[in-house]
Amino acid sequence: MEINVMAGPGTHGTGAEVRGIDLGRPVATDEKAALNRAFVEHGVLAIRDQKLAPPQVLAAVELFGTVFQQHNTRFALPDCPQIHYLSNQDSFPDGRRYIPGEGWHTDHSNDTRPPKATVLHAVTLPDRGGDTQFADMAAAHDALPAKTRDRIADLLGIHVYQSSHSARKLMALSDANRERVPNAVLHPIARTHPESGRKSIYINPIRIEGILGMDHKEALPLLDELLEHATQERFQYRHQWKPGDLVIWDNRRLLHKANGDYDMSQTRYLYRVMLQGDVPR
Ligand SMILES: [Fe+2]
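First, a word on what this report is: a plain description of the structure on this page. (Residues numbered from 1 in each chain as written. Predicted model: local features only at pLDDT ≥ 70, side-chain atom pairs only at ≥ 80, totals over all residues. Heavy atoms only, no water.)

## Digging into the sheet that holds strand β9 (residues 185–188)
Definition in use: Here a strand pair is declared whenever DSSP counts at least two bridges between the two strands. Strands here are runs of E lasting at least two residues and helices are runs of H or I lasting at least four, both read from the DSSP assignment and numbered beginning at the N terminus. In this description, a line fitted to the C-alpha atoms serves as the axis of each element, helices being fitted only across the stretch in contact, and the angle between N-to-C directions of two axes falls anywhere from 0 to 180 degrees.
Spatial ordering of the open sheet is given by β9-β8-β12, a layout of three strands whose pairing is antiparallel. Taken across any chain shown, the strands that pair with only one partner, and hence form the sheet edges, are β9 and β12 (208–211). In this sheet, neighbouring strand axes are inclined to one another by 35 degrees on average, regardless of whether the strands run parallel or antiparallel. In the sheet, strand β8 (residues 156–159) pairs with β9 via four bridges, with the strands oriented antiparallel. Of the residues in β9, the one forming a bridge with Leu156 is Pro188.

Right under this line is the structure:
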């Protein structure tokens with residue numbers, strides 16, 4: 001097995017490519033440990049050339065943790081409901097095409113224990129386009145002016161299923177799903193990674209409704225300023241998908257975003273699994 005850091009203008013060691021391992025077969029203990037170390041160190045692992053059926057995807061993902069129950073079960077695979085799918089072939093009830101994941105976000109931050117990682121496995125890809133962008137919120141936190149770091153150090157963000165400030169609308173939850181999804185949770189705006197000890201900016205434009213105890217007139221510009229800072233190209237790794245890629249990323253440290261910039265007559269279909277995380281601190 002070979003692990004190589006991705007080269008790029010702004011990657012700061014974010015993103016690594018893994019070759020020479022077949023996750024459809026048993027993985028040795030030392031390789032499992034190396035994969036987990038690389039995951040924490042680089043934030044994104046692109047494990048190349050995998051061809052995994054849904055149960056093998058679950059086994060591969062469990063090398064990194066315990067599977068998390070995703071919120072909107074309308075996207076669950078009928079035969080393997082712990083796996084959801086991402087597809088560009090779904091529409092909103094009014095007929096508009098639904099492109100999952102457009103706009104910067106982190107997954108399910110409206111959970112009391114948001115998923116530590118998300119995994120996508122490419123099943124069908126368009127000929128070109130559809131990259132996933134990642135912003136390294138730990139590097140972005142390190143690069144903040146000291147004054148801003150102090151200002152956000154003790155702030156708590158209010159996370160809901162769908163922020164009223166978000167330009168991007170999510171697919172509505174069914175009543176049964178809504179019952180097990182919290183109305184609102186509080187998470188630190190600057191969170192500390194439980195494994196690396198590094199601080200990251202933890203914001204989510206599609207789910208943050210506000211900052212606890214702060215007027216919207218102050219909170220919304222601050223959130224905008226943090227997002228604009230953190231999503232500069234110098235903090236990004238941009239993943240160009242190849243058939244067979246299994247990509248796992250660390251939600252405790254990264255924002256991500258899909259791009260609907262490809263030929264929509266072509267199908268883009270990926271499996272998605274998440275891993276259980278801790279309460280952000
Ligand atoms: Fe996402």
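## Concerning unusual backbone geometry
One non-glycine residue, Asp49, lies in the positive phi region at around 60 degrees. Mapped onto the elements of the fold, Asp49 is located in the loop between β3 (44–47) and α2 (54–61). Despite not being glycine, His108 shows a phi value in the positive range, around 50 degrees. Considering the arrangement of structural elements, one finds His108 in the loop between β5 (80–87) and β6 (117–124).

## Description of the coordination of the iron ion
Our working rule: A donor here means an N, O or S atom no more than 2.8 Å from the metal, or no more than 3.2 Å when the metal is Na, K or Ca. Since water is not included, a site may seem to lack partners.
Listed as protein donors to the iron ion are His105 (NE2), Asp107 (OD) and His256 (NE2); their distances from the metal cover 2.1 to 2.2 Å. Taken in sequence order, the residues that donate to the iron ion follow the motif H-x1-D-x148-H. Of this pair, His105 sits in the loop between β5 and β6 while His256 sits in strand β15 (residues 254–258); the two residues are 151 residues apart in sequence, bridging distant segments of the chain.

## Topic: the nonpolar core
Here is the rule we go by: Take the buried Ala, Val, Leu, Ile, Met, Phe, Trp, Tyr and Cys residues and link them wherever side-chain atoms come within 4.5 Å; each set so joined is a nonpolar core. Only protein chains enter the accessibility calculation, which uses a 1.4 Å probe; a residue whose area is less than 20% of its type maximum is buried, one above 50% is exposed, and one in between is partly exposed. Throughout, a contact is declared for two residues whenever any of their heavy atoms are within 4.5 Å.
In this structure, Leu45, Ile47 and Phe64 are the most contacted members of the largest nonpolar core, which totals 38 residues. Beyond its immediate sequence surroundings of up to four residues, Phe64 is in contact with Leu35, Asn36, Phe39, Leu45, Ile47, Lys116, Ile248 and Leu275. Within the second largest apolar cluster, 23 residues are counted, among which are Ala190, Leu222, Leu223 and Phe235.

## Some words on helix α6 (residues 216–230)
Stated formally: Expected span, for any helix, means 1.5 Å times one less than how many residues it has. The directions from the helix axis to the C-beta atoms are what the arc is built from.
The end-to-end C-alpha distance of α6, which contains 15 residues, comes to 20 Å, matching closely the 21 Å that a straight helix rising 1.5 Å per residue would cover. By the burial criterion, the buried members of α6 are Ala219, Leu222, Leu223, Leu226, Leu227, His229 and Ala230. For α6, the arc enclosing every buried residue in end-on projection is 165 degrees, short of the 170-degree limit, so these residues lie on one face. Relative to its buried face, α6 has exposed residues pointing more than 90 degrees away, namely Lys217, Asp224 and Glu228.

## Regarding the environment of Gly210
Within the element layout of this structure, Gly210 appears in strand β12. The sequence separation of Gly210 and Arg113 amounts to 97 residues, and the corresponding C-alpha distance is 19 Å.

## Details of the pairing of β5
Within β5, six of the eight residues are buried, leaving the element largely enclosed by the surrounding structure. The pairing of strand β4 (residues 76–77) with β5 spans two bridges and is antiparallel. Looking at β5, one finds that Ala76 is bridged to His84. The antiparallel pairing of β4 with β5 creates a hairpin that spans two residues between the two strands. Inspection of the sheet shows β5 paired to strand β16 (residues 269–275) by four bridges, in the antiparallel sense. Residue pairing across strands places Tyr85 opposite Tyr271, the latter belonging to β16.

## Focus: the pattern of salt bridges
Here is the rule we go by: A carboxyl oxygen of Asp or Glu within 4 Å of a side-chain nitrogen of Lys or Arg is what we treat as a salt bridge.
Under the definition given, this model contains twelve salt bridges. A salt bridge links Arg238 to Asp131; its shortest N-O distance comes to 2.7 Å. Here the residue Arg238 occupies a position in strand β13 (residues 236–239), and Asp131 occupies one in the loop between β6 and β7 (132–136), the gap between them amounting to 107 residues. Arg238 gets classed as partly exposed once you look at its relative accessible area, which sits at 38%. Among the ionic contacts, a cluster of salt bridges with common partners joins Glu17, Arg19, Arg48, Asp49 and Asp245.

## Remarks on the packing of aromatic side chains
Inclusion rule: Any pair of Phe, Tyr and Trp rings, taking the six-membered ring for Trp, is counted once the centres come within 6.5 Å. Such a pair is stacked with planes under 30 degrees apart, edge-to-face with planes over 60 apart, and tilted for the rest. Two conditions define a charge sitting above a ring: the NZ of Lys or the CZ of Arg must be within 6 Å of the ring centre, and it must be within 35 degrees of the ring normal.
Enumeration according to the criterion identifies eight aromatic pairs in this entry. For the ring pair Phe39 and Phe64, a centre distance of 5.9 Å and an interplane angle of 65 degrees mean the geometry is edge-to-face. Of this pair, Phe39 sits in helix α1 (residues 29–42) while Phe64 is found in the loop between α2 and β4, placing the two residues 25 residues apart along the sequence. An identical accessibility class is assigned to Phe39 and Phe64; each is buried. Taken together, Phe75, Tyr85, Phe92, Tyr98, Tyr269 and Tyr271 form an aromatic cluster joined through their ring pairs. Directly above the aromatic system of Tyr202 lies the positively charged group of Arg191, at a separation of 4.6 Å from the ring centroid.

Geometric descriptors of this kind do not, in isolation, establish any biological role.
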